[in-house]
Amino acid sequence: MSDGCVIVTGASRGIGEAIARELAAAGYDLAIVARGAERLEALAAELNGETKVKAYAGDISQWDDAQRIVTQANEDFGAIWGVVNNAGVTQDGLFVRMTPEAWQKPIDVNLNGTFYFTRAVAPLMMRQRRGRIVNISSVIGVTGNAGQANYAASKAGIAAMTKSVAKELGGRGVTANTVAPGFIATDMTADLPDKVKAGMLAQIPLKRLGEGKDVAGVVKFLLSAEASYITGQVLVVDGGMIA
Ligand code: NAP
């Protein structure tokens, strides 16, 4: 069922790295993607062994890079079983001061990047009549957040796109789901002031920040045989924060 590789974007650190580690341990062959080649290649070298793990440096916000990487991975592994669109960025700022450039950044990377990779793998998955698309959104795409209008819009867009893709590709045996993490301890959240982190923690019923592996386990489930009747869903992984 899992013949072919799983592409994981943003795999060089944080949640993406945790996803790559979890999937490699579960026996998936992986095509891992990020802009910076050094960390990515070191991770591929570390994980490559019982499963095949290859690094593909590229910028997900560029359509040409997405096409190049998907074509190359398909050639290298013979097929693509899944794509995990995880790479993402924030560019926070108050809405009334937000420049068009600041607005555009998370749209280009998070929303367009997810579109480009999903668009590049979709014809291959439709032809092989199987495949899994897992897109990483955020609870902020559900609730919105002061200072994150651009990020929230990009993440809500991902969930809406994924539901549409689920409807179009379901008949070809391809599922598409969104995972919406809450507050996960990574580089993305490391620089937040302690006061903001304490405020977040106070809103989490499970009384701890999430870890990359909390998200990785859910991604692994969505790629598995057990999840074959789940599509078009948003799975929130947030310790109960927005329950
Ligand atoms: P992170 O630690 O900042 O890691 C981001 C990863 O994405 C890195 O591997 C980075 O590598 C890659 N990346 C960034 N821009 C890229 C681009 N244009 N092209 C290719 N790769 C790119 O982030 P994270 O916290 O793990 O977040 C991962 C995902 O989860 C994001 O979509 C984020 O929005 C989402 N999320 C995170 C949290 C949280 O609390 N951390 C909560 C909800 C959702 P390079 O810099 O080398 O390219």
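For clarity, every value in this text was computed on a predicted model and none was experimentally measured.

Focus on the overall build of the chain
Okay, step 1: Across its full length, the chain carries 9 helices and 7 strands.
Okay, step 2: Here the C-alpha radius of gyration of the chain, 17 Å, is about what a compact globule of 243 residues would show, namely 18 Å.
Okay, step 3: Summarising its shape, the C-alpha atoms of the chain cover approximately 50 × 35 × 35 Å along the three principal directions.
Okay, step 4: Within the chain, the fraction of its 243 residues that count as buried is 49%.
Okay, step 5: Taking as baseline every contact in the chain between residues at least 6 positions apart, the subset at least 24 positions apart corresponds to 71%.
Okay, step 6: Split by element, the accessible area of the chain, about 11400 Å² in all, is 52% carbon and sulfur.
Okay, step 7: Put simply, the chain has 24 plus and 24 minus side-chain charges, and the middle of one group is 6 Å from the middle of the other.

Some details on the site of the ligand
Okay, step 1: The immediate surroundings of the ligand are formed by 30 residues, with Ser 12, Arg 35, Asn 86, Tyr 151 and Thr 186 found nearest.
Okay, step 2: Within the contact set of the ligand, an oxygen atom lies 3.2 Å away from a backbone nitrogen or oxygen of Gly 10.
Okay, step 3: One of the side-chain nitrogen or oxygen atoms of Arg 35 is found 2.7 Å away from an oxygen atom of the ligand.
Okay, step 4: Here the ligand, which alone exposes 890 Å², has 95% of that area covered by the protein.
Okay, step 5: Taken together, the elements giving at least two residues each to the shell around the ligand come down to helix H1 (14–25), helix H6 (149–169) and helix H7 (187–190).
Okay, step 6: The biggest single contributor to the shell around the ligand is H7, with 3 residues.
Okay, step 7: Residue composition of the shell around the ligand, by class: 13 nonpolar, 12 polar and 5 charged.

Quick word on the sheet that holds strand S3 (residues 53–57)
Okay, step 1: Within the open sheet, the 7 strands sit side by side as S3-S2-S1-S4-S5-S6-S7. Their pairing is parallel. Edge positions in the sheet fall to S3 and strand S7 (234–237), since each has one partner strand and no second. Averaged over all pairs of adjacent strands, the angle between strand axes in this sheet comes to 20°, irrespective of strand direction.
Okay, step 2: Summarising the sheet, strand S2 (residues 30–34) and S3 pair through 5 bridges and their orientation is parallel. Residue pairing in the sheet places Ala 31 in a bridge with Lys 54 of S3.
Okay, step 3: The strands touched by helix H3 (residues 63–77) are strand S1 (5–9), S2, S3 and strand S4 (80–85); relative to S3, the strand with the most contacts, the crossing angle is about 160°.

So, the packing of H3 against helix H4 (residues 100–128)
Okay, step 1: At a minimum axis distance of 8 Å, the contact between H3 and H4 shows a crossing angle of 35°. Crossing of H3 against H4: the hand is right-handed. Taking contact as the criterion, the partners of Trp 63, Ala 66, Ile 69, Val 70 and Asn 74 in H3 are, on H4, Tyr 116, Phe 117, Arg 119, Ala 120, Val 121 and Leu 124.
Okay, step 2: In terms of residue class, the contact of H3 with H4 is made up of 9 nonpolar, 1 polar and 1 charged.

Focus: the side chain of Asn 135
Okay, step 1: In this structure, Asn 135 sits in strand S5 (residues 131–136).
Okay, step 2: A distance of 2.8 Å separates the side chain of Asn 135 from the side chain of Asn 85, its partner in a polar contact.
Okay, step 3: Within the local environment of Asn 135, its side chain forms a polar contact with the side chain of Thr 162, the two groups lying 2.9 Å apart.
Okay, step 4: Here Asn 135 is in contact with Asn 85, Thr 114, Thr 118, Ile 158, Met 161, Thr 162, Asn 177, Thr 178 and Val 179, once residues within four sequence places are set aside.

Observations regarding the packing of aromatic side chains
Okay, step 1: Scanning the model with the defined rule gives 2 aromatic pairs in all.
Okay, step 2: Considering the side-chain rings of Trp 63 and Tyr 116, the 5.7 Å spacing of their centres and the 45° angle between planes classify their relative orientation as tilted. Placement of the pair is Trp 63 in helix H3 and Tyr 116 in helix H4, with a sequence separation of 53 residues.
Okay, step 3: With 5.7 Å between their ring centres and 55° between their planes, Phe 115 and Tyr 116 make a pair best called tilted.
Okay, step 4: By relative accessible area, which is 17% here, Tyr 116 ends up buried.
Okay, step 5: Note that Lys 52 overlies the ring of Phe 77, its terminal NZ or CZ placed 4.7 Å from the centroid.

Overview of unusual backbone geometry
Okay, step 1: Phi is positive for Arg 129, close to 60°, though the residue is something other than glycine.
Okay, step 2: Of note, Arg 129 is situated in the loop between H4 and S5.

Procedures and definitions
- Residues numbered from 1 in each chain as written.
- Predicted model: local features only at pLDDT ≥ 70, side-chain atom pairs only at ≥ 80, totals over all residues.
- Heavy atoms only, no water.
- Helix = DSSP H or I, 4+ residues; strand = E, 2+ residues; numbered from the N terminus.
- Rg over C-alpha atoms; globule rule 2.2 N^0.38 Å.
- Buried < 20%, exposed > 50% of the residue type's maximum accessible area, 1.4 Å probe, protein only.
- Contact = heavy atoms within 4.5 Å.
- Areas by Shrake-Rupley, 256 points an atom, 1.4 Å probe, with all protein chains shown as cover.
- Lys, Arg positive; Asp, Glu negative; His and termini not counted.
- Charge placed at Lys NZ, Arg CZ, Asp CG, Glu CD.
- Near = heavy atom within 4 Å.
- Polar contact = N/O pair within 3.5 Å; in protein donor to acceptor, adjacent residues only side chain to side chain.
- Nonpolar A, V, L, I, M, F, W, Y, C, P; charged D, E, K, R; others polar.
- Pairing = 2+ DSSP bridges.
- Axes fitted to C-alpha atoms, helices over the stretch in contact; angles between N-to-C directions.
- Left-handed = near helix turned anticlockwise from the far one by under 90°.
- Phe/Tyr/Trp six-rings, centres within 6.5 Å; stacked < 30°, edge-to-face > 60°.
- Lys NZ or Arg CZ within 6 Å of the ring centre and 35° of its normal.

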